[in-house]
Amino acid sequence: MKFLFELLSKLSVSGDESEISKFLLSNILERSKSWKVQPEIYFGEEFHDCLLLKFGIPKTAVFAHLDTIGFMTRYQNQLIAIGSPEVEQGMVLTGKDGMGDVICKIIGDDESYFHDFPRGIESGTRLSFAQNIRIDDNFIQAAYLDNRLGIYNALKLCETLENGWVVFTTYEEHGGGSMPFLLRFIQENAPIRQALISDITWITDGVEHHKGVVISIRDKFIPRKVFIDKVLRLAEKSRIPFQVEVEAYGGSDGREIQFSPYAIDWCFIGAAEDYVHSPNEKVSLRDLDSMIKMYQFLMKEL
Amino acid sequence: MKFLFELLSKLSVSGDESEISKFLLSNILERSKSWKVQPEIYFGEEFHDCLLLKFGIPKTAVFAHLDTIGFMTRYQNQLIAIGSPEVEQGMVLTGKDGMGDVICKIIGDDESYFHDFPRGIESGTRLSFAQNIRIDDNFIQAAYLDNRLGIYNALKLCETLENGWVVFTTYEEHGGGSMPFLLRFIQENAPIRQALISDITWITDGVEHHKGVVISIRDKFIPRKVFIDKVLRLAEKSRIPFQVEVEAYGGSDGREIQFSPYAIDWCFIGAAEDYVHSPNEKVSLRDLDSMIKMYQFLMKEL
Amino acid sequence: MKFLFELLSKLSVSGDESEISKFLLSNILERSKSWKVQPEIYFGEEFHDCLLLKFGIPKTAVFAHLDTIGFMTRYQNQLIAIGSPEVEQGMVLTGKDGMGDVICKIIGDDESYFHDFPRGIESGTRLSFAQNIRIDDNFIQAAYLDNRLGIYNALKLCETLENGWVVFTTYEEHGGGSMPFLLRFIQENAPIRQALISDITWITDGVEHHKGVVISIRDKFIPRKVFIDKVLRLAEKSRIPFQVEVEAYGGSDGREIQFSPYAIDWCFIGAAEDYVHSPNEKVSLRDLDSMIKMYQFLMKEL
């Protein structure tokens, strides 16, 4: 949990993932000593701010995005969105520009909003929700559970994983852009036919807290039925709690697998959160636990 | 025609094309004995639910999509669209879930609609329009002429085709996703520079029944003028009836050729239908005949 | 300037870039004799209507699009947009169809508009704004400065360029489509990790005439921060006037680099114009001068 807290304290608005990526790398270098299998690690300018771990002989890859939604400053104290953050008067934002640390509040509404920082902020500065982590017996609540929990899940998986890719991606919240070159690298080095998206989804009229990890039958995009059926059969067999999701909207790194020049099946599997893309994202600890167990199970069985 | 009727009776909502694909394969294995040239057949998990036929030394590929629009069930008897079906109170839908066959009606309107099946239907079940084929001397009317007629046309072409790819794709109605890996396979095995999209378009203020197959100068996307000019010159020469289309909206498998990493020209050529994406799609038999003749002509001359 | 005037007089609405491409090629063949380094030239059907120049050993590529927005005729004297042109009653359009030259006016408004040419115009004919070039000491004003000035800038760069790709692209105004195959060709022949987009942007509340070339921190898409920071550091060092842009909308050839299967950083750098996509696009000559100098500087230093 200490590690999750550290992870939650990092800023990594889309396009600016270099710091979290380095943090993750140093963490992996240290932790991996106790992992069952030592992965090959791919990192560096050639991969922009992404990071790939190859365990054994992969059949399946797990993708977890490093970036978060956020804001960018522009002229006349205006803020524009990166990804699609919830916007409410009074929300506290933090960041840093060439003149130093920034902490300010949102003024205005969804249509047009501004910061109230006394001095101007340099144009192009990224701002994030001020972090505020709350945990009790049932829930964790914080900014950026999407996708810190997806990263956390992927790292827990690494502890026992024997075969598979674990890949940390960038830009997911703002249309994507790293998946295409990551997929090319994977397919040219140790190709796969299956992928799981380790990410956080939404509480809706059909998806509730404490009902288990969510296996998504579709969001805006539709994975291939034969693969989803296979995943669901295994999930049943696992006896780990899960629920299915059928949504008309939303997307994930799965979108870029769907449209890639490789025939790779994909499925989104993750815990659901309330208060999406706000400073108060809320996830059931039991659902997180199911998520971790489901990944460990599926990566063996798929 | 018996074969067309069989084809029209299959369900293959986007993402669930495995059955029609197998039906097509077995049909091709049998029919191909009488074809002028025996094609190489590519099929199987490596190609998901797609199917490729390579005749001789290809210069041009023909693409016909296997999938149809439809619906997916979700919580509380809600239906959500796959592709963009017409929705009208009372339309009859069919499908199958783990508990057996489903036949039900649509309740509600375009904004929010439901099924009226007495028992619940498992979340994530695909439903299709109930089929009702009507033929007279002038027209065929049925659900899913888009794109059963495109498939039918492609198979008629196979009878006499000497050189070319004939490719059956998936997912077209819901944003695509198979074209990128199919194009990569084609370009790495027997590359082409030209493609024709065997699909059904719309009756509009400029496109009428019985005026011949439609050659599309543009839809939402715009193929390269030099290629369209070449196709139109050949079409003139053929003396087969055709009409041109200029639309601002709509798309096809051509979209993914346009955005592929290969310099491949493409053109949409197909009969036009009325009552698009409804159970009552209606196509002129003369236009279908022009379509079949035009493909046979162009695949020799292009 | 004579060359710029010639360039401004050519028609090249998206999808119909074959003529301007040939004009450019013959111009390059002649001019290149006086260039510092002789580039390798890639041109012809294999590249559709695009053109690539390879100087020395490239680390960075410059992309300039050849196409312009415009209109296409269809049934009943209707016009539909190619790209997103400004539409105003009375604007003069020119073009050519099978029956000869066309010159006409726009009737109607943004919602639905028509041409007033006495005879019909063949469906599928492309029309462009009638050209009207105005120059004084401070400004150039004309149709299609976007992207004739980007092309002009790229050609000025060629005079002294030692290492780098200079690439002329098509389709940019209408969703793109040539970048993917150009990038593949580049990466398979003389790969790069950096790209600059030589294009024209917009005057906004934060971007003014005479304040220097614009370096864009984002438009609808967001380049990687570490690369933008590097460009900005160099721009500071250059002492050439520049301003930064932070926009929520708009796109460029950079979009297709972002989503390409290669880890290539990109940055949009170009002068800003007023009266975007109208016959009266207006650019400061000083900003154009900064653009030319900035490219020469950056292509040495990056």
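A quick note: this is a predicted structure, and the numbers were derived from the prediction, not measured. (Residues numbered from 1 in each chain as written. Chains lettered and ligands numbered in written order. Predicted model: local features only at pLDDT ≥ 70, side-chain atom pairs only at ≥ 80, totals over all residues. Heavy atoms only, no water.)

### Looking at the overall build of chain A
We apply this condition: Helix numbering and strand numbering both begin at the N terminus, where a helix is a DSSP run of H or I of at least 4 residues and a strand a DSSP run of E of at least 2. For a compact globule the rule gives 2.2 Å times the number of residues to the power 0.38, and the radius of gyration it is set against comes from C-alpha atoms. Exposure categories follow from relative accessible area, calculated using a 1.4 Å probe and restricted to protein chains: below 20% of the type maximum is buried, above 50% is exposed, and the middle band is partly exposed. Note on contacts: a residue pair is in contact if any heavy atoms of the two residues lie within 4.5 Å. Charge assignment in this entry is limited to Lys and Arg as positive and Asp and Glu as negative, and neither His nor the chain termini are counted. Think of each charge as sitting on NZ of Lys, CZ of Arg, CG of Asp or CD of Glu.
The secondary structure content of chain A amounts to seven helices and 19 strands. What you see for chain A is a C-alpha radius of gyration of 19 Å, in line with the 19 Å of a compact globule of 302 residues. Taking the principal axes of the C-alpha coordinates as reference, chain A spans close to 55 × 45 × 35 Å. Counting all 302 residues of chain A, 62% fall into the buried class. Restricting the contact set of chain A to residue pairs at least 6 apart, pairs at least 24 apart contribute 75%. Of the side-chain charges in chain A, 32 are positive and 44 negative, and the distance between the mean point of each set is 7 Å.

### Details of the sheet that holds strand β6 (residues 92-97) of chain B
All names here are of chain B. So the rule is basically this: Whether two strands pair depends on DSSP finding at least two bridges between them. Here the axes come from fitting lines to C-alpha atoms, over the contacting stretch only for helices, and the angles between their N-to-C directions go from 0 to 180 degrees.
Here six strands make up a closed barrel; going around it, the order is β4-β5-β8-β7-β6-β9 and the pairing antiparallel. Taking the axes of each pair of neighbouring strands and ignoring which way they run, one obtains an average angle of 40° across the sheet. One ladder, built from three bridges, connects β6 with strand β9 (residues 126-129); its direction is antiparallel. Counted as the bridge partner of Gly-95 is Leu-127 from β9.

### Considerations on the packing of helix α1 (residues 2-9) of chain C against helix α2 (residues 18-31) of chain C
Residues and elements named next belong to chain C. Cut-off, in case you're wondering: Small angles under 35 degrees read as roughly parallel and large ones over 145 as roughly antiparallel, with 65 to 115 read as roughly perpendicular and the rest as oblique. Definitions for this section: a left-handed crossing has its near helix turned counterclockwise from the far helix by less than a right angle. A right-handed crossing has that turn clockwise. Three classes are used, and their members are as follows: Ala, Val, Leu, Ile, Met, Phe, Trp, Tyr, Cys and Pro are nonpolar, Asp, Glu, Lys and Arg are charged, and the others, Gly among them, are polar.
For the pair α1 and α2, interaxial distance at closest approach is 10 Å and the crossing angle is 165°. Put simply, α1 runs roughly antiparallel to α2. When you trace α1 past α2, the crossing you get is right-handed. Contacts between α1 and α2 pair Phe-3, Glu-6 and Leu-7 from the former with Ile-20, Phe-23, Leu-24, Asn-27 and Arg-31 from the latter. Its residues placed into classes, the contact of α1 with α2 shows five nonpolar, one polar and two charged.

### Quick notes on the relation of the copies chain C and chain A
Keep this limit in mind: What sets the superposition is a least-squares fit of C-alpha atoms, and only residues with pLDDT of at least 70 in both copies go into it.
By a simple turn and slide, chain C fits onto chain A: the slide is 0.0 Å along the axis, the RMSD is 0.0 Å, and the turn is 120°. Taken together, the turn and the small shift mark the pair as related by a three-fold rotation axis. Of every C-alpha in chain C, the one belonging to Pro261(C) sits nearest the axis of rotation, 5.5 Å from it.

### Here's the deal with the interface of chain C and chain B
Condition: Two parts placed together each lose some accessible area under a 1.4 Å probe, and adding up what both lose gives the buried area. Within this document, salt bridges are pairs made up of a side-chain nitrogen of Lys or Arg and a carboxyl oxygen of Asp or Glu, the two lying within 4 Å of each other. Under the rule applied, a polar contact is a pair of N or O atoms within 3.5 Å (in protein, one hydrogen donor and one hydrogen acceptor; residues adjacent in sequence only if both atoms are side-chain atoms).
Contacts between the two partners involve 29 residues from chain C, matched on the other side by 27 residues from chain B. Taking both sides of the interface into account, the surface hidden between chain C and chain B amounts to around 2,300 Å²; carbon and sulfur atoms contribute 54%. Considering only the side of chain C, the residues that lose the most area to chain B are His48(C), Tyr75(C) and Tyr171(C), jointly responsible for 25% of the buried surface there. Between the two partners, chain C and chain B, sit three salt bridges. Along the contact surface separating chain C from chain B lie 15 residue pairs in polar contact (both at pLDDT 80 or more). Elements that contribute at least two residues to the side of chain C that touches chain B include exactly β4 (70-73), β5 (78-82) and α4 (179-189) of chain C. If one sorts the elements of the side of chain C that touches chain B by residue count, β5(C) sits on top with four residues.

### What about the interface of chain C and chain A?
Many analyses report the size of an interface as the accessible area lost when the parts associate. Of the residues lining the interface, 27 residues belong to chain C; the matching set on chain A comes to 29 residues. The three residues of chain C that bury the most area against chain A are Ile222(C), Arg224(C) and Val246(C), which together make up 27% of that side's buried surface. Salt-bridge contacts for Glu247(C) lead to Arg74(A); the nearest nitrogen and oxygen are separated by 2.9 Å. Here chain C and chain A share 16 residue pairs in polar contact (both at pLDDT 80 or more) between them. Breaking the side of chain C that touches chain A down by element, the ones donating at least two residues are β15 (213-218), α5 (225-238) and β16 (242-246) of chain C.

### Quick look at unusual backbone geometry
Look at the link from Asp146(A) to Asn147(A): it is a cis peptide, with omega at 20°. By secondary structure assignment, the location of Asn147(A) is in helix α3 (residues 145-158). The phi angle at Tyr171(A) is positive, at roughly 70°, despite the residue not being glycine. Tracing the backbone through its elements, the reader meets Tyr171(A) in the loop between β12 (164-169) and α4 (179-189). Positive phi values are uncommon outside glycine, yet His210(B) reaches one of about 70°. By secondary structure assignment, the location of His210(B) is in the loop between β14 (201-202) and β15 (213-218).

### Section: a negative patch on the surface
Put simply, the rule reads: Patches here are clusters of residues that have more than 30% relative accessible area and form no salt bridge, with a 9 Å joining cutoff for like charges and a 5 Å cutoff for nonpolar side chains (Val, Leu, Ile, Met, Phe, Trp, Tyr). All accessible areas in this document rest on Shrake-Rupley with a 1.4 Å probe, and a residue is counted as covered only by the protein chains that are shown.
Taken together, Glu86(A), Glu88(A), Asp109(A), Asp110(A) and Glu111(A) make up a surface patch of like negative charges. Counting through the fold element by element, Glu88(A) comes out in the loop between β5 (78-82) and β6 (92-97).

### Considering the domain arrangement of chain A
Residues and elements named next belong to chain A. For the record, the criterion: Domain delimitation in this document rests on an assignment produced automatically or drawn from a domain database.
Split into domains, chain A comes out as domain 1 (2-68 + 134-301) and domain 2 (70-129). Relative placement of domain 1 and domain 2: their C-alpha centres are 28 Å apart. Each partner contributes residues to the interface: domain 1 has 14 residues there, and domain 2 has 15 residues. Connecting domain 1 to domain 2 are five residue pairs in polar contact (both at pLDDT 80 or more).

### Description of the pairing of strand β2 (residues 51-55) of chain C
Residue and element names in this part refer to chain C. In terms of burial, β2 is largely enclosed, as five of its five residues are buried. Side-chain alternation along β2 places Leu-51, Leu-53 and Phe-55 on one buried face and Leu-52 and Lys-54 on a second face that is also buried. With four bridges joining them, strand β1 (residues 40-43) and β2 adopt antiparallel strand pairing. Note on β2: the bridge partner recorded for Phe-43 is Leu-51. The sheet contact formed by β2 and strand β12 (residues 164-169) spans five bridges and is antiparallel. In the sheet register, Leu-52 faces β12, and the bridge partner there is Val-167.

### Focus: α2(C)
To keep things clear, this is the line we draw: What a helix should span is 1.5 Å times the count of its residues minus one.
The terminal C-alpha atoms of α2(C) lie 20 Å apart, and with 14 residues this matches the ideal 20 Å at 1.5 Å per residue to within 8%. Buried within α2(C) we find Ser18(C), Ile20(C), Ser21(C), Phe23(C), Leu24(C), Leu25(C), Asn27(C) and Ile28(C).

### Here's the deal with the pairing of β12(A)
Residues and elements named next belong to chain A. Of all six residues in β12, six are buried, a share of seventy percent or more. Burial of the side chains of β12 extends over both faces: Gly-164, Val-166 and Phe-168 are buried on one face and Trp-165, Val-167 and Thr-169 on the other. Relative to β12, strand β3 (residues 60-65) runs parallel, the two sharing five bridges. Residue Ala-61 lies in a different strand from β12, and its bridge partner there is Trp-165.

### Thoughts on the environment of Ser290(C)
Residues and elements named next belong to chain C. Topologically, Ser-290 is positioned in helix α7 (residues 285-301). Linking Ser-290 and Lys-225, residues 65 residues apart in sequence, is a C-alpha distance of 23 Å. Not counting residues up to four positions away in its chain, the partners in contact with Ser-290 are Gly-212, Val-213, Ile-240 and Pro-241.

### Some thoughts on helix α4 (residues 179-189) of chain B
Among the eleven residues of α4(B), eight are classified as buried, and the element is accordingly described as predominantly covered. Of all the residues in α4(B), the buried ones are Met179(B), Pro180(B), Phe181(B), Leu182(B), Leu183(B), Phe185(B), Ile186(B) and Gln187(B).

### Focus: the sheet that holds β4(C)
All names here are of chain C. The strand order around the closed barrel formed by six strands is β4-β5-β8-β7-β6-β9, and the pairing between neighbours is antiparallel. Recorded for the sheet is a direction-independent mean angle of 40° between the axes of neighbouring strands. For β5 and strand β8 (residues 113-115), the ladder comprises two bridges, and the chain directions are antiparallel. Looking across to β8, one finds that Leu-79 is bridged to Tyr-113.

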